[in-house]
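Chain by chain, the residues:
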Amino acid sequence: MGKINRRFSVILILIIFICSLFLIGRNSESACGDPDTICGSKHDLSSLTGAGIFQATDEDEICIFCHTPHNAIVQDSSGNRLPLWNRSISRNESGFTVYSSSTLNATVGQPSGVSLLCMSCHDGVTAINSLINFGQTNPITMNGFDQIGDVWNPSFPRFPGANIGGATPNAYAYAPYGGTDSTTKRLDDDHPVSFVFDVSLVAADGGLQLPAAGDPLKLYNSKLECSTCHDPHKEGNPAIQGANHTFPFLRKTNNASALCSTCHLK
């Protein structure tokens, strides 16, 4: 009887062990499909779980494309603290054509702070596999494209991708737009960033309000930045619509313009 019990105990332990491995595997897979993680999102450029047309062929680390734990860039030229940054930002600190308008009361200069971090990929000029510190692979080979501006290739007519601050050569030469735009590093067709958004601006404009306390939209040193509206680590689920729709990388839903009306009184 003792031998039978011992044999049963061994079999039970093996069953529990196998089930645990299965559950761990299932949880790992679901984590990469979770809209609240960077794993499997458009910002995941790794070779194992990367999504989209910008993906490494030989680097399986996810965080390395933006962050490094040692010898990182920790502040920009204006003294803004940076999150252990692993990308060169020196090429992106000037040269942008920024947004302007006759009704704009804010003073908009070159992107700075966290917006500058976004531009280290989204300027459409800088190679996304160009890092300060590499991991096991140097250089990193990308599958197809190594610059976000590459999506303006004629193979992708009228496809803007995420070329937010970069050049748009021949972008509007395709029907139905017509014309050609060869301006480089332009932010004049995007929402202004890196400007002071405070009570003085609200009073001067008359059509603005600051985000309420606890609102998902956040300011950085009293400035509106790219990360005010976007969370780079949470892509959101494109299949979810309505009040829970936060794709792509929105801090809150823009259903019924809810995100816009957080600051704009219209």
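Refer to the structure presented above.
First things first, this report covers the structure right here in the doc.

## Overview of the overall build of the chain
When helices and strands are counted, the chain shows four helices and six strands. Written out in order from the N terminus, the α and β elements of the chain read α-β-β-β-α-β-β-α-β-α. Sorting the 266 residues of the chain into buried and exposed places 33% on the buried side. Nonlocal contacts in the chain, meaning residues at least 24 apart in sequence, comprise 49% of its contacts between residues at least 6 apart. Accessible surface for the chain amounts to roughly 15100 Å². Of this, 58% is attributable to carbon and sulfur atoms.

## Observations concerning empty space enclosed by the protein
This model, assessed by the stated rule, comprises one cavity of 30 Å³ or more. As a volume, the largest cavity reaches approximately 40 Å³. Across the lining of the largest cavity, the residue classes break down as seven nonpolar, two polar and one charged.

## Side note on the packing of aromatic side chains
Taken as a whole and assessed by the stated rule, the structure comprises two aromatic pairs. Between Phe195 and Phe197, the ring centres sit 6.4 Å apart and the planes meet at 50°, which makes this aromatic pair tilted. Considered together, Phe195 and Phe197 belong to a single accessibility category, that of buried residues. Between Lys185 and the ring centre of Phe96, over which it is positioned, the NZ or CZ distance is 4.7 Å.

## A closer look at the layout of surface pockets
Considered as a void within the structure, the second largest pocket measures approximately 340 Å³ in volume. Lining the second largest pocket we find 18 residues, and of these Thr103, Leu104, Asp205, Leu208 and His264 sit closest to its centre. Residues belonging to the lining of the second largest pocket are distributed by class as follows: 10 nonpolar, six polar and two charged.

Definitions and cut-offs
- Residues numbered from 1 in each chain as written.
- Predicted model: local features only at pLDDT ≥ 70, side-chain atom pairs only at ≥ 80, totals over all residues.
- Heavy atoms only, no water.
- Helix = DSSP H or I, 4+ residues; strand = E, 2+ residues; numbered from the N terminus.
- Buried < 20%, exposed > 50% of the residue type's maximum accessible area, 1.4 Å probe, protein only.
- Contact = heavy atoms within 4.5 Å.
- Areas by Shrake-Rupley, 256 points an atom, 1.4 Å probe, with all protein chains shown as cover.
- 1 Å grid on protein atoms, 1.4 Å probe; cavity = no way out; pocket = protein on both sides within 12 Å on 5 of 7 lines; lining within 4 Å.
- Points joined across faces, edges and corners; volume = space filled by probe spheres on them.
- Nonpolar A, V, L, I, M, F, W, Y, C, P; charged D, E, K, R; others polar.
- Phe/Tyr/Trp six-rings, centres within 6.5 Å; stacked < 30°, edge-to-face > 60°.
- Lys NZ or Arg CZ within 6 Å of the ring centre and 35° of its normal.

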